[in-house]
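Below are the chains, spelled out letter by letter.
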Amino acid sequence: MDVEEDQSRQMAIIEPLLLGIHDALYEAVATYNGDGYSDAVRAQHSDRAAACCIYDHAERALMDRFDGTPGVNFLDRRGLHLLNYRDQALIRVKKVNGLGQHANYQTLQQQDYDDEMPLLDLPEAAVRLYAGYQMDAAGAAIERVMIVRQIGKDVIWTAQVTATEAQAAWVDITPERIPDTGRTDFEAARARRGR
């Protein structure tokens with residue numbers, strides 16, 4: 001896979017969604033940090049609980065923003081909540097670190113999503129992406145919004161999304177790799193799981 005070509009192609013596909021995704025993630029964090037939650041309640045939340053609240057707010061904000069948008073529909077497959085764009089891209093919201101990696105319990109369904117394995121009722125041709133948000137060190141604000149292409153545990157590429165009131169832009173922020181190191185052997189990983 002030519003990484004730069006893949007990134008350019010996938011980002012071009014979802015370009016009409018970038019501003020809405022960016023703004024929905026910022027709105028979700030603002031809602032969580034707003035008057036709806038007191039400081040005392042937020043102090044009781046673990047990192048996981050805070051991420052779950054932000055995720056729920058982001059999902060609602062995305063639905064509100066893209067309701068009625070041609071080509072957009074929302075899928076819920078056994079708790080796997082996705083924005084489907086024209087059966088070409090599936091987008092899942094996740095809290096990520098500075099490298100674009102998400103951390104969550106790796107269910108078989110999550111592993112299959114990351115490995116781009118067929119999943120019930122999901123368009124097979126659609127690339128699987130993450131709309132990631134990286135929080136600042138204090139966990140109080142978004143440091144950056146990213147679109148992440150991950151296969152298995154390997155982040156293939158990462159694009160930082162920035163926005164003005166009228167438009168969004170992106171820039172490649174994929175971490176440099178050590179020369180001559182290969183990517184993960186996903187066929188071997190699947191073989192270990194009996195695939």
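Since the structure is predicted, the reported quantities are computational estimates derived from the model, not experimental observations.

What counts and what doesn't
Residues numbered from 1 in each chain as written. Predicted model: local features only at pLDDT ≥ 70, side-chain atom pairs only at ≥ 80, totals over all residues. Heavy atoms only, no water. Pairing = 2+ DSSP bridges. Helix = DSSP H or I, 4+ residues; strand = E, 2+ residues; numbered from the N terminus. Axes fitted to C-alpha atoms, helices over the stretch in contact; angles between N-to-C directions. Contact = heavy atoms within 4.5 Å. Phe/Tyr/Trp six-rings, centres within 6.5 Å; stacked < 30°, edge-to-face > 60°. Buried < 20%, exposed > 50% of the residue type's maximum accessible area, 1.4 Å probe, protein only. Polar contact = N/O pair within 3.5 Å; in protein donor to acceptor, adjacent residues only side chain to side chain. Core = buried A, V, L, I, M, F, W, Y, C linked by side-chain atoms within 4.5 Å. Salt bridge = Lys/Arg side-chain N within 4 Å of Asp/Glu carboxyl O.

Enquirer: Just give me the short version of the sheet that holds strand β2 (residues 80–85), but keep the residues and values in it.
Expert: Strand order in the open sheet formed by 7 strands is β1-β2-β3-β4-β5-β6-β7, with mixed pairing between adjacent strands. Looking at strand neighbours, the two that pair on one side only are β1 (72–77) and β7 (168–172), the edges of this open sheet. Each neighbouring strand pair of the sheet contributes to a mean axis angle of 30°, computed without reference to strand direction. Relative to strand β6 (residues 154–163), strand β5 (residues 142–151) runs antiparallel, the two sharing 7 bridges. Residue valine 148 lies in a different strand from β6, and its bridge partner there is threonine 158. Across the sheet, helix α1 (residues 3–14) is in contact with β2, β3 (89–95), β4 (127–135), β5, β6 and β7; its angle to β6 comes to roughly 45°.

Enquirer: For the packing of aromatic side chains, give the residues involved together with the corresponding values.
Expert: With the rule as written, the count across this model stands at 2 aromatic pairs. With a centroid separation of 4.9 Å and 50° between ring planes, the pair formed by tyrosine 32 and tyrosine 37 is classed as tilted. Each member of the pair, tyrosine 32 as well as tyrosine 37, is classed as buried.

Enquirer: Give a description of the side chain of threonine 174 that names residues and reports values.
Expert: As for its placement among the helices and strands, threonine 174 is situated in the loop between β7 and α6 (186–192). A polar atom in the side chain of threonine 174 sits 2.9 Å from the backbone nitrogen of threonine 158. A polar side-chain atom of threonine 174 sits 2.6 Å from a polar atom in the side chain of aspartate 172.

Enquirer: Outline the pairing of β1, listing residues and values.
Expert: Summarising the sheet, β1 and β2 pair through 6 bridges and their orientation is antiparallel. Bridging across to β2, aspartate 76 finds its partner in histidine 81. Remark: 2 residues form the turn of the hairpin made by β1 and β2, two consecutive strands paired antiparallel; arginine 78 in that turn has positive phi of roughly 50°.

Enquirer: Explain the nonpolar core residue by residue, including any values.
Expert: The biggest cluster of nonpolar side chains holds 41 residues, and the ones touching the most others in it are Ile14, Leu17, Ile21, Leu25, Tyr133 and Ile147. Put simply, the parts of the chain that give this core at least two residues each are α1, α2 (18–32), α4 (47–66), β2, β3, β4, β5 and β6. It is α4 that provides the largest number of residues to this core, a total of 9 residues.

Enquirer: How would you summarise the pairing of β7 if you had to cite specific residues and measurements?
Expert: Pairing of β6 with β7 involves 5 bridges; the strand directions are antiparallel. In the sheet register, valine 161 faces β7, and the bridge partner there is tryptophan 170. Following β6, the chain reverses through 4 residues before pairing antiparallel with β7.

Enquirer: Run through the pattern of salt bridges, naming residues and quoting values.
Expert: Within this structure, the stated rule accounts for 7 salt bridges. For arginine 149, the salt bridge identified is with glutamate 116, shortest N-O distance 2.3 Å. Residue arginine 149 is located in strand β5, and its partner glutamate 116 is located in the loop between α5 (108–114) and β4; the two are separated by 33 residues in the primary sequence. A residue is classified by how much of its surface remains accessible, and arginine 149, at 5% relative accessible area, is buried. Classification of glutamate 116 by relative accessible area gives partly exposed; the value is 31%. Salt bridges linked by common partners bring Glu5, Asp6, Arg9, Glu116 and Arg149 together as one network.

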